[in-house]
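Observations on chain architecture
Here's the letter readout for the chains.
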Amino acid sequence: MDSYSQAAVEFAPLFDGLWLDEAVQEQFDATLINDVVVVLDAQLALPVRGHQLGAWMLSEVSDRMLSSHDGLVLARPIPDDIDPNTHAGRVATERLTQHWRSCGLVPVTDCQGFLAQASAYTALESARTALDRIADRDITLTADQMARWTKPFGSHD
């Protein structure tokens with residue numbers, strides 16, 4: 001995992017070498033899990049947060065990248081911009097956990113702080129169906145809102 005990034009290294013406890021850890025595999029009681037989508041980072045521009053776009057996005061990515069029977073999605077709901085050991089960090093982590101749970105993820109029993117879900121069950125598909133309405137939502141932003149967001153990061157075309 002360290003060949004990818006420091007964010008990927010944080011997922012190492014969920015794996016045993018090149019394979020998913022047996023305890024994680026057993027929690028999801030699925031057939032052999034062959035594919036894993038690891039959510040290293042998911043961010044939305046500040047002006048569009050609060051509309052469940054992140055949950056919708058993860059549902060769509062899961063649906064497109066995993067087979068219907070032998071895949072797993074893994075996420076770690078720790079905000080990048082806040083120390084998770086502070087009160088504000090714990091509140092933000094709890095909010096982010098609830099956000100990711102809305103797209104079907106559940107806590108990994110043997111690895112506290114991680115969420116996952118197997119594609120072999122209906123949880124991911126049910127959550128995706130419930131989030132379908134998000135794709136049709138219109139969000140209006142002013143040019144000033146977008147300009148303020150893009151300045152620190154450069155262009156995001």
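These numbers were taken from a predicted model, which means no experiment stands behind them. (Residues numbered from 1 in each chain as written. Predicted model: local features only at pLDDT ≥ 70, side-chain atom pairs only at ≥ 80, totals over all residues. Heavy atoms only, no water.)

**Thoughts on the overall build of the protein**
- From N to C terminus, the protein includes 6 helices and 6 strands.
- In sequence order, the secondary structure elements of the protein are arranged as α-β-β-α-β-α-β-α-β-β-α-α.
- Since a compact globule built from 157 residues should have a radius of gyration of about 15 Å, the 17 Å found for the protein is in line with a globular shape.
- Summarising its shape, the C-alpha atoms of the protein cover approximately 50 × 35 × 30 Å along the three principal directions. (Helix = DSSP H or I, 4+ residues; strand = E, 2+ residues; numbered from the N terminus. Rg over C-alpha atoms; globule rule 2.2 N^0.38 Å.)

**Observations regarding the packing of helix H3 (residues 53–65) against helix H5 (residues 123–131)**
- One can describe the packing of H3 onto H5 by two numbers: an axis separation of 9 Å at closest approach and a directional angle of 130 degrees. Between H3 and H5, the angle is such that the two are oblique. For the crossing formed where H3 meets H5, the hand is left-handed. Contact with H3, carried on its side by Ala-55, Trp-56, Ser-59, Glu-60 and Asp-63, involves Glu-125, Ala-127, Arg-128 and Leu-131 of H5 and no other residues of that element.
- Considering only residue class, the contact of H3 with H5 consists of 4 nonpolar, 1 polar and 4 charged. (Axes fitted to C-alpha atoms, helices over the stretch in contact; angles between N-to-C directions. Parallel < 35°, antiparallel > 145°, perpendicular 65-115°, else oblique. Left-handed = near helix turned anticlockwise from the far one by under 90°. Contact = heavy atoms within 4.5 Å. Nonpolar A, V, L, I, M, F, W, Y, C, P; charged D, E, K, R; others polar.)

**Considering a negative patch on the surface**
- Side chains of Asp-16, Glu-22, Glu-26, Asp-29 and Asp-110 sit close together on the surface and give a patch of like negative charge.
- Along the polypeptide, Glu-22 turns up in helix H2 (residues 22–27).
- Look at Glu-22 and you get exposed, because its relative accessible area is 57%. (Patch = residues over 30% accessible without salt bridge, like charges linked within 9 Å, V, L, I, M, F, W, Y side chains within 5 Å. Areas by Shrake-Rupley, 256 points an atom, 1.4 Å probe, with all protein chains shown as cover. Salt bridge = Lys/Arg side-chain N within 4 Å of Asp/Glu carboxyl O. Lys, Arg positive; Asp, Glu negative; His and termini not counted. Charge placed at Lys NZ, Arg CZ, Asp CG, Glu CD. Buried < 20%, exposed > 50% of the residue type's maximum accessible area, 1.4 Å probe, protein only.)

**Topic: H5**
- For H5, every residue scored as buried is listed here: Leu-124, Ala-127, Arg-128 and Leu-131. The arc enclosing the buried residues of H5, seen along the axis, measures out at 100 degrees, which places them on a common side.
- Packed against the buried residues of H5 are H3, strand E4 (71–75) and strand E6 (115–118). (Arc of directions from axis to C-beta.)

**With respect to the environment of Glu-60**
- Relative to the elements of secondary structure, Glu-60 occurs in helix H3.
- Sequence separation between Glu-60 and Leu-96 is 36 residues; the distance between their C-alpha atoms is 18 Å.
- When sequence neighbours within four positions are dropped, the list of residues in contact with Glu-60 reads Arg-128 and Asp-132.
- Polar side-chain contacts of Glu-60 include one of 2.9 Å to the side chain of Arg-64. (Polar contact = N/O pair within 3.5 Å; in protein donor to acceptor, adjacent residues only side chain to side chain.)

**Brief notes about the confidence of the model for the protein**
- The predicted model of the protein has a mean per-residue pLDDT of 82, with 90% of residues at 70 or higher.
- Mean pLDDT values for the elements of the protein range from 73 in helix H6 (residues 143–150) up to 94 in strand E5 (residues 106–107). (pLDDT = per-residue confidence, 0-100.)

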